[in-house]
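# Observations on the three-dimensional arrangement
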Amino acid sequence: AQKMEAVGQLTGGIAHDFNNLLTAVAGSLELLRLRQPDLEDARLVQDALAASRRAGDLVQRLLAFSRRQALRPEVVDVGEKLVDMAELLRRTLGGGVDVDVQVPDESVRALVDPAQLESAVLNLAINARDAMPEGGDLRLAVAPRHIERAELELAPGDYVSVSVEDTGMGIAEELLPHVFEPFFSTKPDGAGSGLGLSM
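A brief structural summary. In this text, all values refer to a predicted model and were calculated from it rather than measured experimentally.

Reading the values: the criteria
- By convention here, each chain's residues receive numbers from 1 onward along its written sequence.
- pLDDT decides what is reported in this predicted model: residues at 70 or higher carry local features, side-chain atom pairs at 80 or more are listed and counted, and totals for whole chains, interfaces and linings draw on all residues regardless.
- Excluded from the side-chain calculations are hydrogens and water; all other atoms, namely the structure's heavy atoms, are used.
- Secondary structure elements follow DSSP: runs of H or I of four or more residues count as helices, runs of E of two or more count as strands, with numbering from the N terminus.
- Burial status follows relative accessibility: with a 1.4 Å probe on protein chains alone, a residue under 20% of its type maximum counts as buried, one over 50% as exposed, and anything between as partly exposed.
- Exposure was quantified through the Shrake-Rupley algorithm and a 1.4 Å probe, taking into account, for residues, occlusion by the shown protein chains and nothing else.
- A pair of strands counts as paired when DSSP detects no fewer than two bridges linking them.
- Patch definition: residues with relative accessible area over 30% and no salt bridge; like charges joined within 9 Å; nonpolar side chains (Val, Leu, Ile, Met, Phe, Trp, Tyr) joined within 5 Å.
- The term salt bridge refers to a pairing of a side-chain nitrogen on Lys or Arg with a carboxyl oxygen on Asp or Glu at a separation within 4 Å.
- As used here, the term nonpolar core means buried Ala, Val, Leu, Ile, Met, Phe, Trp, Tyr and Cys residues forming a set that is joined through side-chain atoms within 4.5 Å.
- A helix is expected to span 1.5 Å multiplied by its residue count minus one.
- For this analysis, residues touch if any pair of their heavy atoms sits within 4.5 Å.
- Under this definition, polar contacts are N or O atom pairs within 3.5 Å; protein pairs additionally need one hydrogen-donor-capable and one acceptor-capable atom, and for neighbouring residues in sequence, both atoms have to be side-chain atoms.
- The angle between two axes is taken between their N-to-C directions and runs from 0 to 180 degrees, where each axis is a line fitted to C-alpha atoms and a helix contributes only its stretch in contact.

Once that is clear, we can look at the overall build of the protein chain. A count of helices and strands for the protein chain gives four helices and five strands. Counting from the amino terminus, helix and strand elements in the protein chain follow one another as α-α-β-α-β-β-α-β-β. Residue burial in the protein chain is summarised as follows: out of 199 residues, 28% are buried. Counting every atom, the protein chain has about 13100 Å² of accessible surface; 53% of that belongs to carbon and sulfur.

Below, the structure is given as structure tokens:
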């Protein structure tokens, strides 16, 4: 726990410093794009801007991991949110992955930051796709859950369970203890900066 707290503090500090540098880079690129719209290298500027946006997304994930990003919880119908995401997931994952979303008939609401919920589900779905190179099935399910006694570090009470299952190759058992480390990945070099499960 102390090690993870130290990693979180380090990550938060690095993310803030990196964000400051990134703001200067992105601002300069934007000015270059506006001042020289006919520049022969305009495409290179656009590519650099796109890369800076992706880097900005990474900063947000780092800040969320370090718990320094302000969460904006609101009451969300979790089933409705996943149904709304289904088409986005189908487009993102490609035609080889069959996406099935199962939600209860009644509304299932939870107090949650909708952007963080969306990011977590998307991370899991992309990991699922990467584990199914030949295609397969992805099933998302939402269900209310009542916990009678404390478990999984949760106090007794009413919760919403979101499950994500796939028909992929899975992760070797000896690697499971590492999957929540910030930059641990089962993917080859150059295929991502981690599983995103630390979120």
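Our next topic: the pairing of strand β2 (residues 97-102). Alternating residues of β2 divide into V97, V99 and V101, all buried, and D98, D100 and Q102, none buried. In this sheet, strand β4 (residues 136-147) lies alongside β2 in parallel orientation, the contact comprising six bridges. The partner of V97 across the bridge, within β4, is G136.

This brings us to a nonpolar patch on the surface. Taken together, L10, I14 and F18 make up a surface patch of nonpolar side chains, about 280 Å² in accessible area. Topologically, I14 is positioned in helix α1 (residues 2-35). When its relative accessible area of 47% is taken as the criterion, I14 is described as partly exposed.

A word on the nonpolar core. Across soluble globular proteins, nonpolar side chains have a tendency to be buried as a group. One finds L82, L89, L93, V99, V121, L138 and L140 to be the most contacted residues of the largest nonpolar core, which totals 18 residues. At the level of elements, α3 (78-93), β2, α4 (114-130) and β4 are the ones that each hand at least two residues to this core. In terms of residues, this core owes the most to one element, α3, which gives six residues.

Over its 17 residues, α4 runs 24 Å from end to end, which matches the ideal 24 Å to within 8%, given 1.5 Å per residue. The complete set of buried residues in α4 reads P114, L117, V121, N123, A125, N127 and A128. Looking at the buried side of α4, the elements it contacts are β1 (74-77), α3, β3 (109-112), β4 and β5 (157-166). Backbone nitrogen of A115 and a side-chain oxygen of the N-cap are separated by 3.0 Å at the start of α4; the cap is D113.

Taken in spatial order, the three strands of this open sheet run β2-β4-β5, and their pairing is mixed. Looking at which strands have only one partner, the edges of the open sheet turn out to be β2 and β5. Neighbouring strand axes in the sheet, compared pairwise and without regard to direction, differ in orientation by 15° on average. Where β4 meets β5, ten bridges bridge the pair, whose relative direction is antiparallel.

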